[in-house]
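Report on the structure
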Amino acid sequence: MIVPLPTRIVRRGKGFTFDCGTTVRVTPGAEPAARLLRALLRPATGLALPIADHGQVVIALDARLVGLGAEGYALTVNEHGLLLRAGTAAGLAHGVQTIRQLLPVEALKSSRVSDVDWTVPGVDIRDVPRLPWRGFMLDVARHFQPVHVLRRVVDLMALHKLNVLHLHLTDDQGWRLPIPSHPLLTSVGGWRAETNGDGVPHGGAYTRGELESLVAHAAARGIRVMPEIEMPGHARAALAAYPDLGVAPEPLPVWTRWGISDSAFGLHALGFVREVLAEVLEVFPGQYVHLGGDECLLPEDVHGRFLRQAGKYLLDRGRTPAAWEPTGDPRAVVMPWKDESQAAAALERGQPVVMAPHTSTYLDYPQSDGAHEPPGQPGHVVTSRDVYHVPLPDGVLGAQCQLWTEHARTREHLEYLAFPRLVALADTLWSQRPEWKGFTTRMRHHASRLAALSIPAEVRREPCEHS
C-alpha cells in the first residue's frame, strides 16, 4: 500500500522489527540518508538507531547502480535486517520514505507512541520514477508563510517523492526575498495595507539564512527549490518600493486587490533585475530559476525582449530559466498553464516542458462542488481524479501542481487544499503504470497516514475568502 506505487514490489517471508538494539551501518556517502532515517523515526518510536560497524540496517551508496538512475533505489527486507541501496543521495532519500510507509502508520506521528510493534514487512523493492520533474508550486507572495510552514511542506512532499518545490516569491501583493542592495523591496514591498478592504495589514519576508536553511533541508530529502521572481509584470510590490523601475514611474502602494495589475518593469529595469538574479543564484544553487513572464500588459515585443535578456543572464551563468509563457529562447523551460496546445507548440520547438494546466493542477480551485468546501478560485472544480489524469504529452519533463494563495492564508488551509490532490500527482508521475482504480484502493490506507500527520480533512472558512 505504498504511495506512489513502486516499480516492482515482491512480498517475502518474515519482516524485520526495529527495537532498542537496532543499529545502522552506512557506506561512505550514505551518512545523510542515515541521519534522515534516524531523525524521521525517533519522534514516534523513541529509537536512537546508532551507527555501528555491524548494523542490521544497512544503507549503501553505490555509484555502480546506474540502472537505478538519478532517483531510484532498491530495498530488501527480511527477518535479519534491512538493506537500502541507491546510486545517488536522492535515491537513498526516497528509499527512506518508503521505509516510513512500510512501518505502522503510527511511525509518522510527531510524538512518542507506545505499545507498537515497529515491524517492516519482508519485501524486495526496486523503484525508479517515470518522470524526472514532480513538482509543487506554493505562492507565498499573496499570503506570506513563515519558514517553518515551508519546511513542513518539504517534509510532506518528500514522503510522496515529489522533488521540486517551486516558490512564488514575488508578485503585485508582496515581495518576500531580501536583496541587500535594495532593502526597500522587503521593508516596503513586503507589506500591504490591507487585503480586499479588510483593514488588516499583511506581510513578511524571509532572511537569507532562512532560505538557505530551507534549501539544505529540502536537498537532504531529495528536493530542489526553484525560486520564482515575477517579471516584467506582476511587479507592483517592487514598484511600490522603487517606482522609477516602472514603465510609468509614479508612486503606488503595494497592491491590496487580486487580479492582474497593469504595473510592469520597464526595459531600463534590467540592471535591477540582474542584481536581483545575482542574489537569487547565491541563495538557490539549483539548476532552474523561474522568471514568471505571464499576464503582462506590455507590448509583445517589449515583453519578449525583457524575458530573453533576463534569461540570457541566467544561461550565461550556467542556469536554466523557466517561465509560464514562451520567452523566445528554446533553452528555457516552459510551463503551459492554459491548455495542451501550448505544450504541443513548445515541444515542436524543442523546448523542455513541464505541464501545469490550470484545469488539472491548480489547487486553489475547490476539490469538489460540495457545500462544505471553503470558497476558492471560481470557474472550475479540480478533483484528485483530474490531477491524476493531468495531460502528459510524450517528451515532457513532468508536471507540477500550483497553489495560489489568494483564498488561503493559514497552514491548515494550505494543507487541506494540497491533500489528497498532491498525492494523486505524485502517484501518476512516479508510477511506471499509473492506474486510477489501484490508486484509490491504496489511498484508503494512505488516508490514515495523512491523518497521522495531522493534515486536516476539513477547514474553517476564513474572512479573506469572502472578499
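All of these numbers come straight from a predicted model, not from anything done at the bench.

Here the focus is the nonpolar core. Formed by 107 residues in total, the largest nonpolar core has its most connected members in F136, W175, M231 and F265. Top contributing element to this core by residue count: helix α3 (residues 147–159), with 9 residues. Counting residues in hydrophobic clusters, the runner-up holds 35 residues, among them V57, L75, L102 and W430.

Taken together, 8 strands build an open sheet; the order of strands is β18-β17-β16-β15-β10-β9-β20-β19 and the sheet is parallel. What marks the edges here is a single partner per strand, and that holds for β18 (333–334) and β19 (354–355). Where strand β9 (residues 133–139) lies against strand β10 (residues 164–168), 5 bridges are found, and the strand directions are parallel. The partner of M137 across the bridge, within β10, is H166.

Mapped onto this numbering, the UniProt entry annotates "domain: Beta-hexosaminidase bacterial type N-terminal" (unreviewed entry) at residues 2–127. The span residues 2–127 is 23% helical and 26% strand by assignment, and the distance between its end C-alpha atoms comes to 11 Å.

Let's shift gears to the pairing of strand β4 (residues 57–61). Along β4, 4 of the 5 residues are buried, which leaves the element largely enclosed by surrounding structure. Relative to β4, strand β3 (residues 24–26) runs parallel, the two sharing 3 bridges. Across the sheet, residue V26 finds its bridge partner in β4, namely I59. Where β4 lies against strand β6 (residues 81–86), 5 bridges are found, and the strand directions are parallel. Within β6, the residue paired with L61 across the bridge is A86.

Glancing now at the packing of α3 against helix α5 (residues 208–219). Orientation of α3 relative to α5, taken along the N-to-C sense of each, is 10 degrees, at an axis distance of 10 Å. With respect to α5, the axis of α3 lies roughly parallel. Considering the relative orientation of α3 and α5, their crossing is right-handed. Each of V147, L150, R151, V154 and D155 in α3 lies in contact with α5, whose residues at this interface are E210, S213, L214, H217 and A218. Class assignment for the residues of the contact of α3 with α5 results in 5 nonpolar, 2 polar and 3 charged.

Scoring rules and cut-offs
- Residues numbered from 1 in each chain as written.
- Predicted model: local features only at pLDDT ≥ 70, side-chain atom pairs only at ≥ 80, totals over all residues.
- Heavy atoms only, no water.
- Core = buried A, V, L, I, M, F, W, Y, C linked by side-chain atoms within 4.5 Å.
- Buried < 20%, exposed > 50% of the residue type's maximum accessible area, 1.4 Å probe, protein only.
- Helix = DSSP H or I, 4+ residues; strand = E, 2+ residues; numbered from the N terminus.
- Pairing = 2+ DSSP bridges.
- UniProt positions renumbered as here; feature names shortened; annotations may be inferred.
- Axes fitted to C-alpha atoms, helices over the stretch in contact; angles between N-to-C directions.
- Parallel < 35°, antiparallel > 145°, perpendicular 65-115°, else oblique.
- Left-handed = near helix turned anticlockwise from the far one by under 90°.
- Contact = heavy atoms within 4.5 Å.
- Nonpolar A, V, L, I, M, F, W, Y, C, P; charged D, E, K, R; others polar.

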